[in-house]
Amino acid sequence: GTVVVSELNAKTVEIDLGAGYLEWKVLNADSLLVDIDAGKVVVKDGKLGDLEVDCAAGDCQVQGKLQGNVKVDCAAGNVSLECVGKEKEFNYDLSCTVGNIEVGEIVVSDMNEEKKIDNNASKTMELNVSAGNIEVEFEG
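Residues numbered from 1 in each chain as written. Predicted model: local features only at pLDDT ≥ 70, side-chain atom pairs only at ≥ 80, totals over all residues. Heavy atoms only, no water.

Quick word on the overall build of the chain
What counts, and what does not: For the purposes of this entry, the term helix denotes a DSSP run of H or I that reaches at least four residues, the term strand denotes a run of E that reaches at least two, and both are numbered from the N terminus. The reference for a compact globule is 2.2 Å times residues^0.38; the radius of gyration itself is calculated from the C-alpha atoms.
The secondary structure content of the chain amounts to zero helices and 12 strands. For the chain, the sequential pattern of α-helices and β-strands runs β-β-β-β-β-β-β-β-β-β-β-β. For 140 residues, the compact-globule formula gives about 14 Å, and the C-alpha radius of gyration of the chain, at 14 Å, lands near that figure. Along the longest, intermediate and shortest principal axes, the C-alpha atoms of the chain span 35 × 30 × 20 Å.

With respect to unusual backbone geometry
Let me state the cut-off plainly: Here's how the labels work: a residue is buried when its accessible area is under 20% of the maximum for its type, exposed when over 50%, partly exposed in between, all with a 1.4 Å probe on protein chains only.
The phi dihedral of N112 falls on the positive side, at around 55°, and the residue is not glycine. Within the secondary structure, N112 sits in the loop between β9 (106–108) and β10 (113–117). Overall, the relative accessible area of 56% leaves N112 in the exposed class. One non-glycine residue with positive phi stands out, namely N120, at about 55°. Classification of N120 as exposed rests on a relative accessible area of 72%.

Structural data, given as structure tokens:
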């Protein structure tokens, strides 16, 4: 099925999506936890604290301001984050088995490649890929 939500303001949002399509036009939350099997989750305009995504074979797209820590585990799916802010606002812990991770100019795509980047930031992005793709872009 398909669900489209115009606006949601919440402390914590937890989503477990097996299949189907879920879209938020506006989402403001202190914490967003997304577990996707084969479906698609889209946040068009988010103001989020902590973000945690577990994506098996689905697709997750989040656009907006990420004000807390980010943790993404991507098995064979695709995760796209379009962040308001600058790349240096985060420290990075990147791990790639077979897939691909792109964070701005940083690319991790070799077999069993890992990178840690310390920007002395207060927030951390922990991105792990088995055979999928994670792409993070920054605006601002």
